[in-house]
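Residue-level listing of the chains:
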Amino acid sequence: MTDQPTRPANSAAASLEAIDEAVRAELTSLRESIDNIDAAVVHMLAERFKATQRVGRLKAEHKLPPADPERERDQITRLRELAAGAHLDPVFAEKFLNFIIAEVIRHHEAIARS
């Protein structure tokens, strides 16, 4: 018996060294996949914002408002449907899109001021 506290093998605090090699390899593989997906998401968002910047310039040139509530409603409806079809929580998808829309509008307002 030792004076050191013991941790169960399935404890969240278990160190990576205590994890079975096969589990560690699978965890590493899954995390690499997540990292690749995160990189793809960032690149897709960058492309999306390039397109919305062009929209913002076009709106500014033609004195159109930065926000388009009807378009935004349509996009939210569309994204919620896509999310449901992909087994992703539609509420989460809507929150995510609302965050993006707010940023796009902020960019469009800045473009209009410049």
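Residues numbered from 1 in each chain as written. Predicted model: local features only at pLDDT ≥ 70, side-chain atom pairs only at ≥ 80, totals over all residues. Heavy atoms only, no water.

- As recorded by an unreviewed UniProt entry, the protein chain carries the name Chorismate mutase and is attributed to Streptomyces citricolor.

## A closer look at the layout of surface pockets
Phase 1 of the analysis: By volume, the largest pocket amounts to about 270 Å³.
Phase 2 of the analysis: At the level of elements, helix 1 (21–61), helix 2 (69–85) and helix 3 (90–113) are the ones that each hand at least two residues to the lining of the largest pocket.
Phase 3 of the analysis: Here the lining of the largest pocket gets five residues from one element, more than from any other, and that element is helix 1.
Phase 4 of the analysis: Taken together, the residues of the lining of the largest pocket break down into seven nonpolar, three polar and five charged.
Phase 5 of the analysis: In this structure, the second largest pocket encloses a volume near 160 Å³.
Phase 6 of the analysis: Contributing to the lining of the second largest pocket are Leu45, Arg48, Gln75, Arg78, Leu79, Leu82, Phe96, Leu97 and Ile100.
Phase 7 of the analysis: If one sorts the elements of the lining of the second largest pocket by residue count, helix 2 sits on top with four residues.
Phase 8 of the analysis: The residue inventory of the lining of the second largest pocket, partitioned by class, reads six nonpolar, one polar and two charged. (1 Å grid on protein atoms, 1.4 Å probe; cavity = no way out; pocket = protein on both sides within 12 Å on 5 of 7 lines; lining within 4 Å. Points joined across faces, edges and corners; volume = space filled by probe spheres on them. Helix = DSSP H or I, 4+ residues; strand = E, 2+ residues; numbered from the N terminus. Nonpolar A, V, L, I, M, F, W, Y, C, P; charged D, E, K, R; others polar.)

## Thoughts on a nonpolar patch on the surface
Phase 1 of the analysis: Judged by side-chain polarity, Leu88, Phe92 and Phe96 come together as a nonpolar surface patch covering roughly 280 Å² of accessible area.
Phase 2 of the analysis: Inspection of the secondary structure puts Phe96 in helix 3. (Patch = residues over 30% accessible without salt bridge, like charges linked within 9 Å, V, L, I, M, F, W, Y side chains within 5 Å. Areas by Shrake-Rupley, 256 points an atom, 1.4 Å probe, with all protein chains shown as cover. Salt bridge = Lys/Arg side-chain N within 4 Å of Asp/Glu carboxyl O.)

## Overview of the packing of helix 1 against helix 3
Phase 1 of the analysis: For the pair helix 1 and helix 3, interaxial distance at closest approach is 9 Å and the crossing angle is 40°. Comparing their axes, helix 3 and helix 1 come out oblique. Of the two possible hands of crossing, helix 1 and helix 3 adopt the one that is right-handed. Between helix 1, through Leu45, Arg48, Phe49, Thr52, Gln53, Val55, Gly56, Arg57, Lys59 and Ala60, and helix 3, the contact on the second element is made entirely by Phe96, Leu97, Ile100, Glu103, Val104, His107, His108, Ile111 and Ala112.
Phase 2 of the analysis: Residues of the contact of helix 1 with helix 3, tallied by class, amount to ten nonpolar, five polar and four charged. (Axes fitted to C-alpha atoms, helices over the stretch in contact; angles between N-to-C directions. Parallel < 35°, antiparallel > 145°, perpendicular 65-115°, else oblique. Left-handed = near helix turned anticlockwise from the far one by under 90°. Contact = heavy atoms within 4.5 Å.)

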